[in-house]
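A look at the structure
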Amino acid sequence: MSTKPNHLSEKKPLASKLQQNGSSTSNTNKMKTPVVPNKKANMKNTKQMKKSKFSKSTKVQPGSTDGQRKWTTLVHNGVIFPPPYQPHGIKILYKGKPIDLTPEQEEVATMYAVMKDTDYMQKPKFLENFWNDWRRILGRNHVIQKLDDCDFTPIYEWHQQEKEKKKQMSTEEKKAIKEQKMQQEEKYMWAIVDGVKEKVGNFRVEPPGLFRGRGEHPKMGKLKRRIRPRDITINIGKDAPVPECPIAGESWKEIKHDSTVTWLAFWNDPINPKEFKYVFLAASSSLKGQSDKEKYEKARMLKDYIHNIRAAYTKDFNNKDKDPTKRQIAVATYLIDKLALRAGNEKDEEEADTVGCCTLKVSNVECIPPNMIKFDFLGKDSIRYENTVEVELPVFKAIGQFQAGKGENELLFNALDTSKLNAHLKELMPGLTAKVFRTYNASITLDQQLYEETEEGDVAEKVVVYQKANKQVAIICNHQRTVSKTHDSQILRLTERIETAKQELKELKIDLERAKKGKPPLKGADGKQKRNLSPEAIEKKIASANQKIEKYEMDMTTKEDLKTVALGTSKINYLDPRITVAWCKRHEVPIEKIFNKSLLAKFAWAMDVDPEFRF
DNA sequence: CCTCTCGAATCGGGGTGAGACTA
DNA sequence: CTAGTCTCACCCCGATTCGAGAG
């Protein structure tokens with residue numbers, strides 16, 4: 001991770017920007033204390049910091065001893081644990097009879113009971129995994145020998161009542177509880193990084209529960225056990241005080257002082273002990289902002305290389321004598337570039353069966369002559385990717401050949417994996433990997449769309465232009481959302497409203513004609529006599545009715561259009577915020593119309609961009 | 001006819017935790 | 001490989017808007 005040359009000429013050191021930012025956010029957070037660390041060790045560093053950050057970025061070359069260092073001092077308060085389980089003592093029935101459970105057994109039973117009305121109850125895998133874990137906790141010799149004979153209804157009903165009680169609570173009570181929680185959590189919300197107070201992202205330890213994977217996950221239903229202090233490793237500056245363990249009588253697993261990483265704490269994932277859960281700083285922090293900026297700078301760099309890269313892969317898939325690996329790389333790169341596919345790492349049996357570019361199976365693509373390819377597969381989060389695209393003829397032929405002689409379940413790109421692909425990409429441009437194409441294509445699309453489509457008009461119209469561009473990007477990236485449960489009824493109601501409005505309009509037009517001739521208006525649909533109005537007044541009403549219809553129709557088309565498209569994801573992860581900020585500046589659109597509070601905080605680093613900025 | 005009020009519907013944002021990518 | 005970081009959709013809850021009815 002080398003520092004880009006254009007960072008070196010940064011006008012302001014990032015730290016000073018964040019100071020400003022910190023003080024402005026502190027207002028909203030009712031923070032009265034200035035952004036100053038309270039420990040002496042850090043007082044010293046606060047002063048050094050501005051200077052050292054400046055000099056570091058101007059003098060220290062990548063690869064030097066401190067090229068890996070992410071911070072110099074780090075102070076934080078560790079993590080907060082979910083409250084302990086409160087036994088309710090409600091008994092489940094086994095073969096119709098109430099059964100006593102220990103609090104631990106009861107806790108797991110409760111996790112299961114509350115999922116009664118979800119569709120997990122229909123999934124054999126879920127039931128099997130849950131039963132295995134619960135049985136272990138019950139002990140092999142427990143009277144309960146079969147999940148099927150258990151009746152969890154009493155716990156479920158109790159849980160429903162509790163939920164109801166919570167709902168019934170007055171706003172004051174709710175507020176008081178929230179206030180108290182805030183007070184407890186306040187100290188965990190902040191870390192002091194190089195003397196600057198920064199927000200911590202996820203300082204709450206994940207509560208125990210039953211694992212719910214996305215799609216057909218082999219581990220669904222497994223018990224995610226409670227995490228204890230002894231599971232948690234803390235990372236903190238050498239001179240910083242060790243965070244106090246919030247559970248009396250217990251202690252942290254380990255204290256580390258690793259300044260080459262950005263995590264504040266981690267623990268092993270109880271579902272997959274080989275994996276880890278980390279506590280990081282929030283997206284609005286300088287550390288995250290910096291790497292975010294680097295991500296977009298890398299994507300921008302691709303702009304200068306893309307022409308050659310495209311020329312190269314076009315040459316490669318045209319060249320039939322080339323070794324198959326090269327040809328597969330060329331086609332894969334083409335797909336990643338053109339369709340913004342993900343790289344597609346190999347996955348083992350323990351994970352849901354989803355694919356990306358390198359792991360596409362023969363059955364996921366279908367060649368439709370003369371030159372169309374139909375893709376149909378489950379991608380990340382088991383989201384379906386379904387798309388039929390026209391491709392260049394050599395690509396069409398090549399894919400046909402890759403499929404030839406293979407079974408449905410074999411890899412389309414058998415000579416390829418993500419590391420080979422990325423190794424190849426790195427030869428084309430320093431630091432280039434598959435995911436850079438997604439960022440590049442998303443951002444360049446937004447930039448072009450905004451440039452081409454924005455016309456003179458009022459703010460609302462310009463915002464619509466932005467949303468349209470945003471939608472295009474979301475479609476490219478296949479960012480989907482499930483259709484809301486109430487979508488159909490919403491559409492229905494809009495249709496009804498349009499109908500009644502049209503009916504009204506019709507009557508108004510008749511009334512207008514009559515009014516012009518001095519006749520009274522007709523009776524309405526309800527049979528009541530309407531008032532006499534002047535033609536001008538009726539005209540006004542007609543205009544407003546027309547507007548209403550237009551608005552409803554607009555609402556309906558956008559609603560229908562966007563019912564399965566999620567706009568937020570690309571805004572947060574793929575669109576260079578400087579494109580948006582510059583566009584807002586040029587067209588006098590208030591940035592708040594596009595970015596909400598958290599995006600504004602996250603993209604603080606992009607706010608002073610030149611209005612003429614192009615991606 | 002207009003304005004206000006109140007409950008319901010809807011929206012939007014933060015949080016969450018699983019999933020993917022890469023050095 | 002493992003460790004570390006980035007991505008991503010869903011969920012929930014509070015805020016806002018809507019719409020019916022009262023005044």
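Keep in mind that this is a model prediction, so the values were computed, not measured.

1. A word on the packing of helix α4 (residues 103-113) against helix α6 (residues 153-168)
At their nearest, the axes of α4 and α6 sit 9 Å apart, and the two run at 75° to each other. Accordingly, the angle class assigned to the pair α4 and α6 is roughly perpendicular. Every residue of α6 that contacts α4 at A109, T110 and A113 is listed here: I155, Y156 and W158. Considered class by class, the residues forming the contact of α4 with α6 number five nonpolar, one polar and no charged.

2. Some words on the nonpolar core
Ranked by internal contacts, the top residues of the largest apolar core, which has 71 residues, are L302, V331, L335, L341, L360, F375 and F413. Taken domain by domain, this core gets at least three of its residues from each of domain 2 (319-432) and domain 3 (444-606). Leave out the neighbours within four places in its chain, and F413 touches Q328, V331, A332, L335, C357, C358, L360 and F402. Counting 28 residues, the second largest nonpolar core, distinct from the first, contains Y188, W190, A191 and I227.

3. What about the UniProt feature "coiled-coil region" (unreviewed entry) in chain A?
When the UniProt feature table is mapped onto this chain, "coiled-coil region" (unreviewed entry) is found at residues 159-187. For residues 159-187, helix accounts for 90% and strand for 0%, while the C-alpha atoms at its two ends are 32 Å apart.

4. Considerations on the protein's contact with DNA strand C
Close contacts around DNA strand C come from 26 residues, with F276, R342, K380, R497 and Y574 the closest. Sugar and phosphate atoms constitute 84% of the interface atoms of DNA strand C, taking the interface as everything within 4 Å of the protein. Here H479 contributes a side-chain N or O atom positioned 3.3 Å from a phosphate oxygen of DNA strand C. Of all the elements in the fold, those that place two or more residues in the surface near DNA strand C are β12 (276-279), α8 (286-318), α12 (434-453) and α16 (568-573). In terms of residues, the surface near DNA strand C owes the most to one element, α8, which gives three residues. Grouping the constituent residues of the surface near DNA strand C by class yields seven nonpolar, eight polar and eleven charged.

Thresholds, definitions, all that
Residues numbered from 1 in each chain as written. Chains lettered and ligands numbered in written order. Predicted model: local features only at pLDDT ≥ 70, side-chain atom pairs only at ≥ 80, totals over all residues. Heavy atoms only, no water. Axes fitted to C-alpha atoms, helices over the stretch in contact; angles between N-to-C directions. Helix = DSSP H or I, 4+ residues; strand = E, 2+ residues; numbered from the N terminus. Parallel < 35°, antiparallel > 145°, perpendicular 65-115°, else oblique. Contact = heavy atoms within 4.5 Å. Nonpolar A, V, L, I, M, F, W, Y, C, P; charged D, E, K, R; others polar. Core = buried A, V, L, I, M, F, W, Y, C linked by side-chain atoms within 4.5 Å. Buried < 20%, exposed > 50% of the residue type's maximum accessible area, 1.4 Å probe, protein only. Domains from an automatic or database assignment. UniProt positions renumbered as here; feature names shortened; annotations may be inferred. Near = heavy atom within 4 Å. Polar contact = N/O pair within 3.5 Å; in protein donor to acceptor, adjacent residues only side chain to side chain.

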